[in-house]
Amino acid sequence: MASQFDAVIWDFGGVLTSSPFEAFADFEMRQGIEPGFIRRVNSHNPDHNAWARLERDELSAEGFDLAFALESEALGHRIAGADILPLIAGTIRPAMVEALRIISETLKTGCITNNFKAISTLQTQDSKLSFASLYKRDIMNLFDHVIESALVGIRKPDPAIYKMMIEALDVDPERCIYLDDLGINLKPARAMGMQTIKVSDPSASIDQLSSLLQIDLRAHP
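Not measured: the values here are computed from a predicted model.

What follows concerns the packing of aromatic side chains. Across all of its chains, the model carries 5 aromatic pairs by this definition. Geometrically, the ring pair formed by tryptophan 51 and phenylalanine 64 is edge-to-face, given 5.5 Å between the ring centres and 65° between the ring planes. Note that tryptophan 51 is positioned in helix H3 (residues 50–55) and phenylalanine 64 in helix H4 (residues 61–74), a separation of 13 residues in sequence. The two residues tryptophan 51 and phenylalanine 64 agree in class, both being buried. Taking 6.1 Å as the distance between ring centres and 70° as the angle between the ring planes, the aromatic pair formed by tryptophan 51 and phenylalanine 116 counts as edge-to-face.

Let us now look at the sheet that holds strand S5 (residues 195–198). Pairing is parallel across the open sheet formed by 5 strands, whose spatial order is S3-S2-S1-S4-S5. What marks the edges here is a single partner per strand, and that holds for strand S3 (145–148) and S5. Each adjacent strand pair in this sheet contributes to an overall mean axis angle of 15°, direction not counted. As paired elements, strand S1 (residues 7–10) and strand S2 (residues 108–113) share 4 bridges and run parallel to each other. Within S2, the position partnered with tryptophan 10 by the bridge is cysteine 111. Against the sheet, helix H6 (residues 94–104) contacts S1 and S2, and its axis sits at roughly 150° relative to S1. Along the sheet, helix H11 (residues 202–213) contacts S1, strand S4 (176–180) and S5; its crossing angle with S5, the most-contacted strand, is approximately 165°.

With that settled, the discussion passes to unusual backbone geometry. For residues that are not glycine, phi is negative in most cases, and the peptide bond is trans in most cases. Cis geometry marks the peptide bond from lysine 156 to proline 157, where omega comes out at 10°. For aspartate 170, which is not a glycine, the phi torsion comes out positive at approximately 55°. Mapped onto the elements of the fold, aspartate 170 is located in the loop between helix H9 (159–169) and S4. Aspartate 170 sits in the exposed class, given a relative accessible area of 64%.

Our focus in this paragraph is the packing of H6 against H11. Relative orientation of the contacting elements H6 and H11 amounts to 15°, with a least axis distance of 10 Å. By the angle between their directions, the pair H6 and H11 is classed as roughly parallel. Between H6 and H11 lies a crossing whose hand is left-handed. Residues Ala95, Met96 and Ile103 of H6 lie in contact with H11, whose contacting residues are Pro202, Ser205, Ile206, Leu209 and Leu213. Residues that form the contact of H6 with H11 fall into these classes: 7 nonpolar, 1 polar and no charged.

Rules of the game
Residues numbered from 1 in each chain as written. Predicted model: local features only at pLDDT ≥ 70, side-chain atom pairs only at ≥ 80, totals over all residues. Heavy atoms only, no water. Phe/Tyr/Trp six-rings, centres within 6.5 Å; stacked < 30°, edge-to-face > 60°. Helix = DSSP H or I, 4+ residues; strand = E, 2+ residues; numbered from the N terminus. Buried < 20%, exposed > 50% of the residue type's maximum accessible area, 1.4 Å probe, protein only. Pairing = 2+ DSSP bridges. Axes fitted to C-alpha atoms, helices over the stretch in contact; angles between N-to-C directions. Contact = heavy atoms within 4.5 Å. Parallel < 35°, antiparallel > 145°, perpendicular 65-115°, else oblique. Left-handed = near helix turned anticlockwise from the far one by under 90°. Nonpolar A, V, L, I, M, F, W, Y, C, P; charged D, E, K, R; others polar.

Have a look at this one:
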C-alpha cells in the first residue's frame, strides 16, 4: 500500500539533538537562577528580541552578547550572551538520526532550523565553536533540502519559511509530516495541513512517526 506521505520535515536542535533547554536548566541551577529564566528571556518580545535578531543574522556575536545581557538584566539576572550560545549545541540522538536515515531512503526529507552565523566567530572559554560542531555533515547530507534561518533572514514560526520548504521539496503540505520540539513552531505547519509531531520524548516520537508512516523505524540495526 502506497504511503499517504511524500516527505518528512525536521527541526534540528531538540529533535536530532538533545534539547538546549536541558543545558539551560543546568546553567540556571549552577548559577542559582530560577528555573526557566533563560526561556523567559527568549520568549519576551519573541519577534524582536536578541535571540530572534541573532537567528535572522541581524546581530553579530558581540552584538548578541550585549543585547542578551541587557534583556536578561531587565528581567532580573544579567547573563552575557556569550555564556548562552555554547549551551545550544546539544548531543546527537542516534536513534532519531537512524530514523531519518531510514526515511530518507524512500521519502523526501527536509530540515528547517533556526540558527545563527555568529556562533562561528564566538570565542568561548573552552574553544571556538563552529557550525561543524552543531550540524554534522553526515546528518545534513540525509536531507534533500535544508533551510537555515540565518541564511534566508526568516525564522520559525514565520509561515514563509515553511512555504519555502514545501516549494523546494515540491510536495503537498497535506502529504508531509513535520517534527519540532516547540509547539509554537508546529502551529504554522499544522495550519498548512501538515501532520505534526511534538518531540519531547524522542522514543515516543519515533514510535509515533513509525505509526504514521507504517514503517518500523526500529527494525534496522
